[in-house]
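# Remarks on the overall topology
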Amino acid sequence: MEKLRIGIVKLRPAAQVPRFAHGPDEDAGMDLTAVEEVTLRPGSWASVATGFRIAIPAGYEGQVRPRSGLARKFGVTLLNSPGTIDPGYRGEVRVLMINHGSGDYTVRQGDRIAQLVVAPYSPVEWVVEEELPATGRGPSGFGSTGA
């Protein structure tokens with residue numbers, strides 16, 4: 001598999017380049033780490049710095065996703081999930097975390113706080129039609145297949 005080359009600028013010495021815990025053959029997501037300490041009280045959220053900027057190439061997006069271990073152990077996840085890093089964005093990558101747990105949760109510098117998946121997307125050209133092609137489902141809505 002050919003590797004996609006993505007430019008990264010470290011804004012702080014403590015910033016860590018996103019990396020696969022087990023390698024790209026076993027992991028889809030790369031770990032994102034915090035460069036600051038933030039305490040999240042129950043029900044609160046914060047934008048946590050990663051300390052770097054990246055240049056996602058055209059035709060790709062960065063998907064910032066929660067870490068399942070933080071959600072399972074502490075009730076901590078991401079407020080907007082997945083968050084999207086557009087190819088035109090050149091600001092610092094930040095992670096919008098929320099504490100759904102019952103106690104305070106402190107993010108410390110170097111903690112793994114989210115995952116980054118880089119994926120292709122399709123450009124779209126909308127075509128206004130009078131009718132859409134018929135399907136077996138038809139206009140049945142969300143949850144139409146039952147529990």
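Look up: the structure comes first, before these words.
Think of each chain on its own: its residues are numbered from 1, step by step along the sequence as written. Owing to the predicted nature of the model, reporting of local features is limited to residues with pLDDT of at least 70; listing and counting of side-chain atom pairs is limited to 80 or more, with chain, interface and lining totals taken over all residues. Heavy atoms throughout the structure, all of them, feed into the side-chain values; hydrogens and water do not.

## Remarks on the sheet that holds strand β4 (residues 45-55)
- Two strands are counted as paired when DSSP detects at least two bridges linking them. Numbering of helices and strands starts at the N terminus; helices are DSSP runs of H or I of at least 4 residues and strands are runs of E of at least 2. Sheet architecture is open: four strands sit in the order β1-β4-β8-β6, paired in antiparallel fashion. Of all the strands in the sheet, just β1 (7-10) and β6 (76-78) have a single pairing partner and so form its edges. Between one strand axis and the next, the sheet turns through 40 degrees on average, direction left out of account.
- Relative to β4, β1 is paired through four bridges, and the arrangement is antiparallel. Within the sheet, the bridge partner assigned to Ile-8 lies in β4 and is Ile-54. Axis definition: a line fitted to C-alpha atoms, limited for helices to the stretch in contact. Angles are taken between N-to-C directions and run from 0 to 180 degrees.

## Quick look at the packing of aromatic side chains
- A pair of aromatic rings is counted whenever rings of Phe, Tyr or Trp (Trp by its six-membered ring) have centres within 6.5 Å, and the orientation is called stacked for planes under 30 degrees apart, edge-to-face for over 60 and tilted otherwise. Inspection of every chain in the model, using the stated rule, returns one aromatic pair.
- Judged by centre distance (5.0 Å) and plane angle (45 degrees), the ring pair of Phe-74 and Tyr-105 falls under tilted. A residue pair is termed long-range when its members are at least 10 positions apart, and Phe-74 in helix α1 (residues 68-74) and Tyr-105 in strand β9 (residues 105-107) qualify at 31 residues.

## Looking at the layout of surface pockets
- Using only the protein atoms, space was sampled on a 1 Å grid; points where a 1.4 Å probe fits but cannot get out form cavities, open sets with protein on both sides within 12 Å along at least five of seven lines form pockets, and lining residues are those with an atom within 4 Å of a point. Grid points are joined across faces, edges and corners, and a volume is the space filled by probe spheres set on the points. Size it by volume and the largest pocket reaches roughly 670 Å³.
- Together, 20 residues line the largest pocket, and Lys-3, Leu-4, Phe-20, Met-30 and Val-118 are the ones closest to its centre.
- Polar here means any residue other than Ala, Val, Leu, Ile, Met, Phe, Trp, Tyr, Cys and Pro, which are nonpolar, and Asp, Glu, Lys and Arg, which are charged; Gly is therefore polar. Classifying every residue of the lining of the largest pocket gives 15 nonpolar, one polar and four charged.
- Roughly 220 Å³ of volume is contained in the second largest pocket.
- Considering the residues around the second largest pocket, the lining is formed by 14 residues, among which Val-64, Asn-80, Gly-83, Thr-84 and Arg-94 are closest to the centre.
- Elements with a contribution of two residues or more to the lining of the second largest pocket: β7 (83-85) and β8 (92-99).
- With five residues, β8 is the single largest residue contributor to the lining of the second largest pocket.

## Here we look at the nonpolar core
- The biggest cluster of nonpolar side chains holds 23 residues, and the ones touching the most others in it are Leu-32, Val-64, Val-95, Met-97 and Ile-113.
- Looking at which element gives the most residues to this core, the answer is β4, with four residues.
- Those residues in contact with Met-97 that lie beyond four places of it in its chain are Leu-40, Ser-44, Trp-45, Ala-46, Val-48, Leu-70, Val-76, Thr-77, Leu-78, Val-107 and Ile-113. Residues enter a nonpolar core if they are buried and are Ala, Val, Leu, Ile, Met, Phe, Trp, Tyr or Cys, with the set joined through side-chain atoms within 4.5 Å. Note on classification: 1.4 Å probe, protein chains only; a residue is buried when its accessible area is under 20% of the maximum for its type, exposed when over 50%, partly exposed between these limits. Throughout, a residue-residue contact means that at least one pair of heavy atoms, one from each residue, lies within 4.5 Å.

## Let's talk about the sheet that holds strand β2 (residues 30-33)
- The four strands lie next to each other as β2-β10-β5-β7, forming an open sheet whose pairing is antiparallel. Unpaired on one side and paired on the other, β2 and β7 mark the two borders of the sheet. Across the sheet, the mean angle separating the axes of adjacent strands is 35 degrees when strand polarity is ignored.
- Inspection of the sheet shows β2 paired to strand β10 (residues 112-120) by four bridges, in the antiparallel sense. Opposite Leu-32, over in β10, you have Ala-114 as the bridge partner.

## As for the pairing of β10
- Pairing geometry for strand β5 (residues 60-65) and β10, over six bridges, is antiparallel. Within the sheet, the bridge partner assigned to Glu-61 lies in β10 and is Ala-119.

## Quick look at the environment of Ala-46
- If you trace the backbone, Ala-46 turns up in strand β4.
- As a C-alpha pair, Ala-46 and Ile-85 span 39 residues in sequence and 18 Å in three-dimensional space.
- Once residues within four sequence positions are removed from consideration, Ala-46 is found in contact with Val-38, Leu-40, Val-95, Leu-96 and Met-97.

Function cannot be read off these values alone, since they describe shape.
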